[in-house]
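Observations on chain architecture
Here is how the chains run, residue by residue.
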Amino acid sequence: MHRFNCRGLGLSPILFLYMLNFSEIEKIVADYCKQKDIYVTSFKLTSSNKLSVFIDSFKGLTISDCSELSRYIESKVDREIEDYELEVSSAGLTEPFTVKEQYIKNKGEKIETTLNTGAKIVGILTDVKEDEIVVETEKKINVEGKKKKQLLKEISILKYKEIKTSKLNLEF
């Protein structure tokens, strides 16, 4: 059991005696995911011991994948010692990307990226590199001497540190 100095946070030391250990749970989840070709996109633990694990996979996820991970976590954490609520689910199609693997998985797909400046770029994710992504956009412009607007393709190279959010741009 780990003890934390929580007086400066205005919280009771008793609360922390019964909290899940975040790093231990993170390791349990990471060990499982390595075996199953799954990656974690988000991991949250609240002060009320609600653990939320959001996962994804390059080959897609099933409900069985989520329930198997849930059972695995439960087998590693003793409910007699730790009282917690557990939620394991997929990252979701409409949620922003949180890890590089999501960019890799969605290469070739249409994404919407909001930059830290507030600018939005909607286009095809054409490449994913170590510290940047490449997005191809299209727009129609008037060209002198042409009656119809012409399609212009632009390439945007975006550093991860410039990106506020990126997510799939789903069209129905």
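Details of the structure are given in the entry above.
In short, a report on the structure.

Here is what the cut-offs are and how they apply
- Residues numbered from 1 in each chain as written.
- Predicted model: local features only at pLDDT ≥ 70, side-chain atom pairs only at ≥ 80, totals over all residues.
- Heavy atoms only, no water.
- Core = buried A, V, L, I, M, F, W, Y, C linked by side-chain atoms within 4.5 Å.
- Buried < 20%, exposed > 50% of the residue type's maximum accessible area, 1.4 Å probe, protein only.
- Helix = DSSP H or I, 4+ residues; strand = E, 2+ residues; numbered from the N terminus.
- Contact = heavy atoms within 4.5 Å.
- Phe/Tyr/Trp six-rings, centres within 6.5 Å; stacked < 30°, edge-to-face > 60°.
- Pairing = 2+ DSSP bridges.
- Axes fitted to C-alpha atoms, helices over the stretch in contact; angles between N-to-C directions.

Of all hydrophobic cores here, the largest spans 18 residues; its most connected members are Ile25, Val29, Leu51, Val53, Leu69, Ile73 and Val88. Residue assignment for this core shows that the elements contributing at least two residues are helix H2 (22-36), strand S2 (50-56), helix H3 (63-76) and strand S3 (85-90). Leaving out residues up to four positions away in the same chain, Ile25 has contacts with Leu20, Phe43, Leu51 and Val77. Counting residues in hydrophobic clusters, the runner-up holds twelve residues, among them Tyr103, Ile111, Leu125 and Ile163.

So, on to the packing of aromatic side chains. Scanning the entire structure with this criterion turns up five aromatic pairs. Note on Tyr39 and Phe58: the rings are 5.2 Å apart at their centroids and 45 degrees apart in plane angle, and the pair reads as tilted. With Tyr39 in strand S1 (residues 39-45) and Phe58 in the loop between S2 and H3, this residue pair connects regions lying 19 residues apart in the sequence. One aromatic cluster is present, built from ring pairs that chain together Phe97, Tyr103 and Tyr160.

Attention now moves to the sheet that holds S2. Strand order in the open sheet formed by three strands is S1-S2-S3, and the pairing between neighbours is mixed. Taken across any chain shown, the strands that pair with only one partner, and hence form the sheet edges, are S1 and S3. When strand polarity is set aside, the average angle formed by the axes of neighbouring strands in this sheet is 15 degrees. One ladder, built from six bridges, connects S2 with S3; its direction is parallel. Bridge pairing links Ile55 to Ser90 in S3. Its contacts with the sheet place H2 against S1 and S2, and it is angled at close to 160 degrees to S1. Docked against the sheet, H3 engages S2 and S3, running at close to 150 degrees with respect to S3.

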